[in-house]
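# Reading the structure
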Amino acid sequence: MKIGIPKALLYYKYRIMWRSFLEDLNCEVVVSPNTNKAIMDTGENYSIDESCTSAKIFMGHVSWLIGKCDYILIPRIESYANGDTVCTKFYALYDICRSTFPEAKFICYNVDYAHHQTEWKAYKQLGEALGASVFHTRRAYLNAKNELTVYEKILQSNQDDLIHSDNLKVLIVSHPYNIYDEMLGTPIIRFLKDLNVDVFFADIPDSADMCAKSKHLSRSMYWHYNKEIVGSISHYESIIDGIIFLTTFPCGPDSLTVELLLRKIKGIPMTNLVVDSNTGEAGLHTRIESFIDIIAEKKKRGDEYVG
Amino acid sequence: MKAYLGVDIGSISTKGVVVDDKAQILAHEYLWTEGNPIHAVKRVIDALQKQIDGKDIQVKAVGTTGSARKLIGVVLGAQTVKNEITAHAIGTMSRVPDVRTIFEIGGQDSKIIILEDGIVTDYAMNTLCAAGTGSFLMSQAKRLGLAIEELGEMALKSQNPTRIAARCTVFAESDLVHKAQIGHKKEDIVAGICNAVVSNYLNNVGKGKRIAAPIVFQGGVSKNVGVVRAFEQVTGSDVYVDEFGHLMGALGVAVLAKQSGKEQNFDFNIQHVEFITKGTECKKCANNCEIIHVYRGEDVLDSWGNRCERGVSA
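Residues numbered from 1 in each chain as written. Chains lettered and ligands numbered in written order. Predicted model: local features only at pLDDT ≥ 70, side-chain atom pairs only at ≥ 80, totals over all residues. Heavy atoms only, no water.

## Structural notes on the overall build of chain A
Worth spelling out the cut-off: The helix and strand labels rest on DSSP assignments: H or I over at least four residues marks a helix, E over at least two residues marks a strand, and numbering proceeds from the N terminus. The globule rule used for comparison is 2.2 Å times the number of residues to the exponent 0.38, while the radius of gyration itself is calculated over C-alpha atoms. It only takes one pair of heavy atoms within 4.5 Å for two residues to be counted as in contact. Only the protein chains shown count as cover for residues, and the accessible areas themselves come from Shrake-Rupley with a 1.4 Å probe. Lys and Arg are tallied as positive, Asp and Glu as negative. Neither His nor the chain termini are counted. Lys charges are placed at NZ, Arg charges at CZ, Asp charges at CG and Glu charges at CD.
Looking only at helices and strands, chain A has 12 helices and 10 strands in total. Radius of gyration (C-alpha) of chain A: 20 Å, near the 19 Å computed for a compact globule of 307 residues. Along the three orthogonal principal directions, the C-alpha set of chain A runs to about 65 × 40 × 30 Å. Of the contacts made within chain A by residues no fewer than 6 positions apart, 72% connect residues no fewer than 24 positions apart. As displayed, chain A offers around 13800 Å² of accessible surface, 51% of which is attributable to carbon and sulfur atoms. Computed over 33 positive and 39 negative side-chain charges, the inter-centroid distance for chain A is 4 Å.

So this is what it looks like as structure tokens:
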């Protein structure tokens, strides 16, 4: 059986786990290509106006997969713990896609810890739907989970290696689906690297640790995916020279979170880049370049004081 | 004498200065871009050459800034290509060394730059909306049957400025029509517009920024004394408007070109060389990047706009 995975949103978080689990259960995995102009345009056509650019891009990827696989995997995720939640998009997407693309077939799993629907229960149902025994599913789930953990540890240690470099260090605070998207974050990251800046990614440090650390900045934030990335600010505070918030227009949770952080954080230069499908590169480059000028000058001054 | 050339190519106007090694202005020019940056720069170069003609001046380095900085940087063979925020800050500091806040309101954009101990610590630009910029003043002047140059003086006459909703240009406009219809005096309305520009600017671009004196106000709107007075009233401190305020970007990038330490004699005859740009759409993948090639005669000087290597040879 061929399972399609849209290269958007949660793909960037769970791709290792999904591929491992599905292939273990004898499925073939088809992933849509990097986001390009055509995927973006299609996504926009299949979305309502108010949808954020990241979710619009997701729709474009789903559309690309139709006809190229038997089922498209879209999880329905509601919470990872009591008292936390995620953006409604993540529990609506499966249903949105079913009604937007009636010709396609989808498979789903539900995660909602607040209502005792754990990740294992979710994967058990997924395995059942794919015709695997519970025993086989359990083994595949544990292997997949383990592979993801190993992969995350490698990314963490790669990022930690950068801590001692002499270059300017900028922390990108954004969701992985924005940071690594070919049309959203990638051009920005590439531009920063061309300016000789070491880029730290908020999504890389350990998730549970980051959720705990997010409490330093806000005790009442309840969006799980925002807690994960906000924690990285306290985590890297002492080594970074600046923070770039990267958000897609019009993301609800991010617009509130970033506004809160801009007011609360003191002493670290910050800037907020809001991107959508119409963002021109020229304006972005001007903003990034002048931001890097600011932190470079600040660092130079700081070094002079110390030296 | 060694000199340095700075060119600031905005969407509306193109500015050029030649400075000596103490950042004193030897020649300057300001003219409309008219949608053709290359031609505008040639005219600027021509005017600057005439101003320094016969003097013992050799331009040793060139800097470009403004939205066409990359294109013109290639055309002029610039040593320094810098964003306009840094350029404006450097230029202003060469005139007012202890400046802490720079307000800038241009034809369609506005920005604020905050400095501390001679370095930029924060900045903001207007993003989505041109409310409260020069084009808003222009259209309101027209509506009231006034020339844009008259607005400032007229606003100063007002004893009792009309309150005009400043949040959004569209609402400000309908509010203004309403106030005129119920009998507010013209000078009060004009003063109200100036106040609206200021509160709009401070609420949007200046939101959350700590505004400290000395304050320098630049951009086309700084020529409007009514707006200057409104800024002084709101901030409670003097607002300094430089006679060369419109040249700060060009001045700053000339200083940066000098600081780059790279020197090469600049040839003013470049104004007679033919430069052509060609836009092509790369067909090699679904992104359809629009790639710009800059030609000097038959030779390609530079190309950009491609998102990946495949576009390089397109």
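There's plenty left to go through after this.
## Description of the packing of aromatic side chains
Basically, it comes down to this: Between rings of Phe, Tyr and Trp, where Trp is taken as its six-membered ring, a pair exists when centres lie within 6.5 Å; planes separated by under 30 degrees are stacked, by over 60 edge-to-face, and by other angles tilted. Between buried and exposed lies partly exposed: a residue is buried under 20% and exposed over 50% of the maximum accessible area for its type, with that area taken using a 1.4 Å probe on protein chains only. Whether a charge sits over a ring depends on NZ of Lys or CZ of Arg being within 6 Å of the ring centre and within 35 degrees of the ring normal.
Across all of its chains, the model carries 20 aromatic pairs over all chains by this definition. Measuring from ring centre to ring centre gives 4.9 Å for Phe90 of chain A and Tyr225 of chain A, while their planes differ by 75°; the resulting arrangement is edge-to-face. A residue pair is termed long-range when its members are at least 10 positions apart, and Phe90 of chain A in helix α4 (residues 88-100) and Tyr225 of chain A in helix α10 (residues 224-236) qualify at 135 residues. The burial state of Phe90 of chain A is the same as that of Tyr225 of chain A; both residues are buried. A ring pair is formed by Phe266 of chain B and Phe268 of chain B, whose centres lie 5.2 Å apart and whose planes are at 75°; its orientation type is edge-to-face. Across the pair, exposure class does not vary: Phe266 of chain B and Phe268 of chain B are buried alike. One aromatic cluster in this structure is built from Phe21, Tyr109, Trp120, Tyr123 and Tyr141 of chain A. The ring of Trp120 of chain A has Arg138 of chain A lying over it, and the distance from NZ or CZ to the ring centre is 4.7 Å. Above the ring of Tyr295 of chain B, the side-chain terminus of Lys278 of chain B is found at 4.7 Å from the ring centroid.

## Observations regarding the sheet that holds strand β10 (residues 270-275) of chain A
All names here are of chain A. Stated formally: At least two bridges found by DSSP between two strands is the condition for calling them paired. Note on geometry: axes are lines fitted to C-alpha atoms, helical ones only across the stretch in contact, with angles between N-to-C directions running from 0 to 180 degrees.
Across the sheet, 4 strands lie side by side as β8-β7-β9-β10; this open sheet has parallel pairing. Either end of the sheet is taken by a strand with one partner, and the two such strands are β8 (197-201) and β10. In this sheet, neighbouring strand axes are inclined to one another by 25° on average, regardless of whether the strands run parallel or antiparallel. Inspection of the sheet shows strand β9 (residues 242-248) paired to β10 by 6 bridges, in the parallel sense. The residue of β10 that forms the bridge with Thr247 is Val274. Contacting β7 (168-173), β8 and β9, α10 crosses the sheet at an angle of about 155° to β7.

## Description of the pairing of β9 of chain A
All names here are of chain A. This is how it is decided: Orient the strands so they point away from the viewer, and a crossover whose first-strand-to-second-strand path over the helix runs clockwise is right-handed.
Counting buried positions over the 7 residues of β9 gives 7, a clear majority of the element. Neither face of β9 is left uncovered, since the one carrying Gly242, Ile244, Leu246 and Thr248 and the one carrying Ile243, Phe245 and Thr247 both have all their residues buried. In terms of strand pairing, β7 meets β9 through 4 bridges, oriented parallel. The partner of Leu171 across the bridge, within β9, is Ile243. Once you follow β9 into helix α11 (residues 252-264) and on to β10, the crossover reads as right-handed.

## What to know about the domain arrangement of chain A
All names here are of chain A. Defined as follows: Domains are outlined according to an automatic or database domain assignment. Criterion for a salt bridge: a side-chain nitrogen of Lys or Arg within 4 Å of a carboxyl oxygen of Asp or Glu. N or O atoms within 3.5 Å of each other form a polar contact, as long as, within protein, one can give a hydrogen and the other can take it, and as long as residues adjacent in sequence are counted only when both atoms are side-chain atoms.
Taken domain by domain, chain A holds domain 1 (2-150) and domain 2 (165-306). Put simply, the middle of domain 1 and the middle of domain 2, counted by C-alpha atoms, are 27 Å apart. With 25 residues of domain 1 in contact, the opposing surface of domain 2 contributes 22 residues. Linking domain 1 to domain 2 there are 2 salt bridges. Salt-bridge contacts for Lys227 lead to Asp84; the nearest nitrogen and oxygen are separated by 3.8 Å. On the surface where domain 1 and domain 2 come into contact, there are 9 residue pairs in polar contact (both at pLDDT 80 or more). Sorting the residues of the side of domain 1 that touches domain 2 by element identifies α1 (11-24), α2 (37-45) and α3 (53-65) as the ones contributing at least two each.

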